[in-house]
Amino acid sequence: MGRAAEMLGTTQGFLRAIGEARLITPLRSEGGHRRYSRYQLRIAARARELVDQGTPIEAACRIIVLEDQLEEAQRINTEYRRAAESPETTDSP
């Protein structure tokens, strides 16, 4: 956790807070140390950015969840659009 906080330029308390808000859930090593994925570190960095801009941590976490949901919805929409635009093949009897 200390290394992750150092990489992000934040505190361990901040990482605990976004963990308690269930924004990220790090894995644990056999020794009980928190292990963060690259994705979780990107999410934590985005939360830090929002908090640094004056957004309360709870609101920052909600914003990030909504941004993630929007990105996923846009990805799915793009897939549906591509499928609808592709020529359909039908079997002739």
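Heads up: these notes are all about the structure in this document. None of these values were measured; they are calculated from a predicted model.

**Observations regarding the overall build of the protein**
Right, on to step 1. Summing up its helical and strand segments, the protein has 4 helices and 2 strands in all.
Right, on to step 2. Moving toward the C terminus, one meets the helices and strands of the protein in the order α-α-β-β-α-α.
Right, on to step 3. The C-alpha atoms of the protein give 19 Å as radius of gyration, which overshoots the globular expectation for 93 residues (12 Å, by more than 25%).
Right, on to step 4. By principal-axis analysis of the C-alpha atoms, the protein measures approximately 65 × 35 × 20 Å.
Right, on to step 5. When the 93 residues of the protein are sorted by exposure, 25% land in the buried category.

**Notes on helix H3 (residues 38-52)**
Right, on to step 1. Along its 15 residues, H3 runs 21 Å from first to last C-alpha, staying within 8% of the 21 Å computed at 1.5 Å per residue.
Right, on to step 2. Buried residues of H3: Gln-40, Leu-41, Ile-43, Ala-44, Ala-47 and Leu-50, and no others.
Right, on to step 3. Looking at the buried positions of H3, the neighbouring elements they touch are helix H1 (2-8), helix H2 (12-20), strand S2 (34-35) and helix H4 (57-85).
Right, on to step 4. Two residues or fewer past H3, Gly-54 is found with a positive phi of approximately 100°.

**Considerations on the pattern of salt bridges**
Right, on to step 1. Within this structure, the stated rule accounts for 6 salt bridges.
Right, on to step 2. One salt bridge connects Asp-52 with Arg-48, and the closest N-O pair in it is separated by 2.9 Å. Taken together, the residues Asp-52 and Arg-48, both in helix H3 and 4 residues apart, mark about one turn of the helix.
Right, on to step 3. You can call Asp-52 exposed: its relative accessible area is 52%.
Right, on to step 4. Judged by its relative accessible area of 22%, Arg-48 is partly exposed.
Right, on to step 5. A salt bridge links Glu-79 to Arg-75; its shortest N-O distance comes to 2.2 Å. Placement of both Glu-79 and Arg-75 in helix H4 is noted, with a separation of 4 residues, approximately one turn of the helix.
Right, on to step 6. The class of Arg-75 is partly exposed, set by a relative accessible area of 39%.
Right, on to step 7. Taken together, the shared-partner salt bridges connect Arg-46, Glu-49 and Glu-67 into one network.

**A few points about H2**
Right, on to step 1. Among all positions of H2, only Phe-14, Leu-15 and Ile-18 are buried. Down the axis of H2, the smallest arc covering the buried residues is 100°, so these residues share one side.
Right, on to step 2. Taken together, the buried residues of H2 touch H1, H3 and H4.
Right, on to step 3. After H2 finishes, the residue Arg-22 shows a positive phi value of roughly 65°.

The rules we used
Residues numbered from 1 in each chain as written. Predicted model: local features only at pLDDT ≥ 70, side-chain atom pairs only at ≥ 80, totals over all residues. Heavy atoms only, no water. Helix = DSSP H or I, 4+ residues; strand = E, 2+ residues; numbered from the N terminus. Rg over C-alpha atoms; globule rule 2.2 N^0.38 Å. Buried < 20%, exposed > 50% of the residue type's maximum accessible area, 1.4 Å probe, protein only. Expected span 1.5 Å × (residues − 1). Contact = heavy atoms within 4.5 Å. Salt bridge = Lys/Arg side-chain N within 4 Å of Asp/Glu carboxyl O. Arc of directions from axis to C-beta.

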